[in-house]
Amino acid sequence: MKNTDHSKNTTLTVLIDTNIVVDVMLKRLPFFHNSYEVLKSCLDNKVHGYLSNQSIPTIWYLTRRELSDLQCRILMKAIFDYLDIIGFTKQQAIFALDRNDFQDYEDCLQDESALNINADYIITRNIKDYTTAKTPAILPEDFVKIIREKKKME
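Below you will find a few notes about this structure. (Residues numbered from 1 in each chain as written. Predicted model: local features only at pLDDT ≥ 70, side-chain atom pairs only at ≥ 80, totals over all residues. Heavy atoms only, no water.)

In this structure, the largest pocket occupies an estimated 160 Å³ of space. At the level of elements, helix 2 (32-43) and helix 7 (140-153) are the ones that each hand at least two residues to the lining of the largest pocket. Broken down by element, the lining of the largest pocket gets its largest block of residues, 5 residues, from helix 7. Tallied by class, residues from the lining of the largest pocket come to 4 nonpolar, 1 polar and 6 charged. (1 Å grid on protein atoms, 1.4 Å probe; cavity = no way out; pocket = protein on both sides within 12 Å on 5 of 7 lines; lining within 4 Å. Points joined across faces, edges and corners; volume = space filled by probe spheres on them. Helix = DSSP H or I, 4+ residues; strand = E, 2+ residues; numbered from the N terminus. Nonpolar A, V, L, I, M, F, W, Y, C, P; charged D, E, K, R; others polar.)

Looking now at the sheet that holds strand 5 (residues 137-138). The strand order across the open sheet built from 5 strands is 3-2-1-4-5, with neighbouring strands paired in parallel fashion. Strands with a single pairing partner mark the edges of an open sheet, and in this sheet they are strand 3 (84-86) and strand 5. Here strand 4 (residues 121-123) pairs with strand 5 via 2 bridges, running parallel. Residue pairing for strand 5: I123 is matched across the bridge by I138. (Pairing = 2+ DSSP bridges.)

One can describe the packing of helix 3 (residues 55-64) onto helix 4 (residues 69-82) by two numbers: an axis separation of 10 Å at closest approach and a directional angle of 145°. For the element pair helix 3 and helix 4, the recorded crossing hand is right-handed. For the pair formed by helix 3 and helix 4, the contact residues are I56, I59, W60, T63 and R64 on the first element and D69, C72, R73, M76 and F80 on the second. Here the contact of helix 3 with helix 4 is composed, by residue class, of 6 nonpolar, 1 polar and 3 charged. (Axes fitted to C-alpha atoms, helices over the stretch in contact; angles between N-to-C directions. Left-handed = near helix turned anticlockwise from the far one by under 90°. Contact = heavy atoms within 4.5 Å.)

By themselves these figures say nothing about function.
Take a look at the structure:
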């Protein structure tokens, strides 16, 4: 597990899980506020945020059920303005198939994507699904506390 003790001048790198983006796009309560703070920290360039390319169709599918096509397109483009997109290699996809420490293949691929960017954290509401991840998973509210503490130190 990596060292997550960051000095005030270190920019954090995070992989944003699908549920965080959906929470913001659909304004899902009670999750919206902390998830919004996570994304806002990326917008404000306090954090280098990434979204796995595998999350994009799922986000589209989930949000399109409640929002119009135009609303989804506008919101997705806004998300793409401040989150970089990361993928995984063929080798990582095969390796993830061979990993038996994850219940869910998609979550394992998220962990592999996080490894590609040397992420400090995977930010998700489903940390129980990442107990065996090589990148620490953290709840949005806990990440917001880290960002606030970091800001105090600056």
